[in-house]
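Next come the chains, spelled out residue by residue.
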Amino acid sequence: MKSELLHSLLILPVPDLNATSSYYEEKLSFKAVKYLDVNQPHICLYRDLVEIVLTKSKLSEIQPNRVIHGDGYDGYFTGRNIENIYNECLASDVKMVKHLQMTDYGNSEFVFEDIDNRWICIGVKKI
């Protein structure tokens, strides 16, 4: 029987579960489900078909991939009608790192910085 991967989650360790959750709820229209009284406290964030799991970091400040490794995003979401998502982000005063553009590898995408200094890209293949 052929196996197929169906879904991926973004797991983000964060210094303050509630602050990061509030940011994604208020700025990016995610809905939060909080599991704070369990052995591994976490918050699940949902929007459309995307899920982000926030876990408690022992660090007081997050070191994003571009700092640790010299390059790279901390998350990448694909989507449809990303122009609409981009405009929602602008209207919510989300900090843009790269505005909506066509890349040299054929993706229409934009990059925002979240409350924990992570760079998250949203894009779609156009070729």
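Presented here is a report on the structure given in the accompanying data block. (Residues numbered from 1 in each chain as written. Predicted model: local features only at pLDDT ≥ 70, side-chain atom pairs only at ≥ 80, totals over all residues. Heavy atoms only, no water.)

**Quick look at a nonpolar patch on the surface**
Here is step 1 of the chain: Side chains of Val 33, Tyr 35, Val 38 and Tyr 46 sit close together on the surface and give an oily, nonpolar patch of about 290 Å² of accessible area.
Here is step 2 of the chain: Of note, Val 38 is situated in the loop between β2 (31-35) and β3 (42-47). (Patch = residues over 30% accessible without salt bridge, like charges linked within 9 Å, V, L, I, M, F, W, Y side chains within 5 Å. Areas by Shrake-Rupley, 256 points an atom, 1.4 Å probe, with all protein chains shown as cover. Salt bridge = Lys/Arg side-chain N within 4 Å of Asp/Glu carboxyl O. Helix = DSSP H or I, 4+ residues; strand = E, 2+ residues; numbered from the N terminus.)

**Describing the sheet that holds β3**
Here is step 1 of the chain: Within the open sheet, the four strands sit side by side as β1-β4-β3-β2. Their pairing is mixed. Edge positions in the open sheet fall to β1 (10-14) and β2, since each of these has one partner strand only. The average undirected angle you get between the axes of adjacent strands in this sheet is 20°.
Here is step 2 of the chain: Pairing geometry for β3 and strand β4 (residues 50-56), over six bridges, is antiparallel. (Pairing = 2+ DSSP bridges. Axes fitted to C-alpha atoms, helices over the stretch in contact; angles between N-to-C directions.)

**Considering the state of the cysteines**
Here is step 1 of the chain: Per the stated rule, a full pass over the model turns up zero disulfides.
Here is step 2 of the chain: In this structure Cys 89 is not part of a disulfide, and its nearest cysteine sulfur, from Cys 121, lies 11 Å away. (Disulfide = S-S within 2.5 Å.)

**A look at the pattern of salt bridges**
Here is step 1 of the chain: Per the stated rule, a full pass over the model turns up five salt bridges.
Here is step 2 of the chain: Salt-bridge contacts for Arg 47 lead to Glu 88; the nearest nitrogen and oxygen are separated by 2.8 Å. Within this pair, whereas Arg 47 is found in strand β3, its partner Glu 88 is found in helix α3 (residues 82-91), the two being separated by 41 residues in sequence.
Here is step 3 of the chain: In this structure Glu 88 comes out as partly exposed when scored by relative accessible area, which is 34%.
Here is step 4 of the chain: For Glu 113, the salt bridge goes to Arg 66, with nearest N and O atoms at 3.5 Å. Separated by 47 residues along the polypeptide, Glu 113 in strand β7 (residues 107-113) and Arg 66 in helix α2 (residues 65-69) bring together distant segments of the chain.
Here is step 5 of the chain: Taken together, the salt bridges that share partners define one network made up of Arg 47, Asp 48 and Glu 88. (Buried < 20%, exposed > 50% of the residue type's maximum accessible area, 1.4 Å probe, protein only.)

**Describing the nonpolar core**
Here is step 1 of the chain: Core analysis: the largest hydrophobic core is formed by 23 residues, its most contacted members being Tyr 24, Leu 28, Ile 52, Leu 54, Phe 110 and Phe 112.
Here is step 2 of the chain: For this core, the secondary structure elements donating two or more residues are β1, α1 (17-28), β3, β4, α3, β7 and β8 (119-125).
Here is step 3 of the chain: Setting aside anything within four residues of it in sequence, one finds Tyr 24 in contact with Leu 12, Ser 29, Phe 30, Leu 45, Ile 52, Phe 112, Asp 114 and Ile 120. (Core = buried A, V, L, I, M, F, W, Y, C linked by side-chain atoms within 4.5 Å. Contact = heavy atoms within 4.5 Å.)

**Focus: the sheet that holds strand β6 (residues 95-102)**
Here is step 1 of the chain: Read from one edge of the open sheet, four strands run β5-β8-β7-β6, paired in mixed fashion. Where the open sheet ends on each side, the last strands, each with one partner, are β5 (75-78) and β6. Here the average twist between neighbouring strands, direction ignored, is 15°.
Here is step 2 of the chain: Contacting β6, β7 and β8, α3 crosses the sheet at an angle of about 155° to β6.

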